[in-house]
Amino acid sequence: MILMKDIVREGHPMLRKVAEEVTFPLSTEEKQLAHDLLEYLKNSQNDEVCLQYGLRPGIGLAAPQVAVSKRIFALHIDEEEGKEPLSLIAINPKIISHSVEKTYLSSGEGCLSVDRDVDGYVPRYARITIKAFDEDGNEYKKRLKGLPAIAFQHELDHLNGIMFFDHIDPKAPYKEIPNSTPYD
Ligand SMILES: OCN(O)CCCc1ccccc1
Ligand code: NI
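Source: prediction; values computed, not measured.

Engineer: So what's going on with the overall build of the protein chain? Residues and values would help.
Structural biologist: Broken down by element type, the protein chain carries 3 helices and 8 strands. From first element to last, N terminus to C terminus, the protein chain shows the α and β order α-α-β-β-β-β-β-β-β-α-β. Radius of gyration (C-alpha) of the protein chain: 16 Å, near the 16 Å computed for a compact globule of 184 residues. Projecting the C-alpha coordinates of the protein chain onto the three principal axes gives extents of approximately 45 × 35 × 35 Å. Burial status across the protein chain gives 47% buried among its 184 residues. Just so you have it, the protein chain exposes about 9600 Å², and 50% of that area is on carbon and sulfur atoms.

Spelled out as structure tokens, the structure:
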């Protein structure tokens, strides 16, 4: 299982590389990695396991965060009242269309690879249509909004060597984002 010691932190070169696409069929190791990423998220959202292993809760985790420069990430967002739960492995993911409208978490974003608070609004597309492959090489498309859309964009950034705070202007961290509606 993935533990906090396996997650590389800000400053590690792996976090600034553009990750490589993977080819199908996945190797045994690549399949195992995809499962391990998703398992980490589930473990981190289970109070008992989270406490027992000293995990930081997360709703997404990308392969470069465990020092594997491949275009693989997992998302696991439990159902919030009245909202869609989402649990997926995304391989070679792409945003194929997006809204003009933007959104942002009014509480800002964090990252398992960043051991400090970085305040500020992180602009994200409010709605996105994505396509990706599952671990068996089946292509799927989804339309996402709300927290799933925000999380998908956060993880896709990791595959491109982008950290959430790259989107924050330190001189004006809370500057108004044009054409945006805050999420939450
Ligand atoms: O890359 C995963 N990550 O570091 C865990 C947190 C992901 C995250 C996603 C959306 C908004 C805030 C934080
Ligand atoms: Ni992150």
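Engineer: Tell me about the coordination of the nickel ion (ligand 2), and please be specific about residues and values.
Structural biologist: Listed as protein donors to the nickel ion (ligand 2) are C111 (SG), H154 (NE2) and H158 (NE2); their distances from the metal cover 2.1 to 2.4 Å. Each of the 6 donor atoms bound to the nickel ion (ligand 2) contributes to angles spanning 28 to 147°, and the resulting shape is irregular. Mapping the donors of the nickel ion (ligand 2) onto the primary sequence gives the spacing C-x42-H-x3-H. Here C111 is found in the loop between β4 (102-105) and β5 (124-125), whereas its partner H158 is found in helix α3 (residues 146-159), with 47 residues between them in sequence.

Engineer: Could you give an account of the packing of aromatic side chains, with specific residues and numbers?
Structural biologist: Scanning all chains against the criterion turns up 5 aromatic pairs. Ring pairing ties together the aromatic residues Y104, Y121 and Y174, which thus form one cluster. One residue, R116, lies across the ring of F165, its end atom 4.9 Å from the ring centre.

Engineer: Help me get a handle on the site of ligand 1, residues and values and all.
Structural biologist: Around ligand 1 sit 13 residues, and of these G60, Q65, L112, E155 and H158 come closest. Between ligand 1 and Q65 there is a distance of 2.8 Å, counted from an oxygen atom to a side-chain nitrogen or oxygen. Against a free-state accessible area of 360 Å², the protein chains account for coverage of 92% of ligand 1. The biggest single contributor to the shell around ligand 1 is α3, with 5 residues. In terms of residue class, the shell around ligand 1 is made up of 6 nonpolar, 5 polar and 2 charged.

Parameters at a glance
- Residues numbered from 1 in each chain as written.
- Chains lettered and ligands numbered in written order.
- Predicted model: local features only at pLDDT ≥ 70, side-chain atom pairs only at ≥ 80, totals over all residues.
- Heavy atoms only, no water.
- Helix = DSSP H or I, 4+ residues; strand = E, 2+ residues; numbered from the N terminus.
- Rg over C-alpha atoms; globule rule 2.2 N^0.38 Å.
- Buried < 20%, exposed > 50% of the residue type's maximum accessible area, 1.4 Å probe, protein only.
- Areas by Shrake-Rupley, 256 points an atom, 1.4 Å probe, with all protein chains shown as cover.
- Donors = N, O, S within 2.8 Å, 3.2 Å for Na, K, Ca; no water.
- Tetrahedral: all angles 85-135°; square planar, octahedral: opposite > 155°, others 65-115°.
- Phe/Tyr/Trp six-rings, centres within 6.5 Å; stacked < 30°, edge-to-face > 60°.
- Lys NZ or Arg CZ within 6 Å of the ring centre and 35° of its normal.
- Near = heavy atom within 4 Å.
- Polar contact = N/O pair within 3.5 Å; in protein donor to acceptor, adjacent residues only side chain to side chain.
- Nonpolar A, V, L, I, M, F, W, Y, C, P; charged D, E, K, R; others polar.

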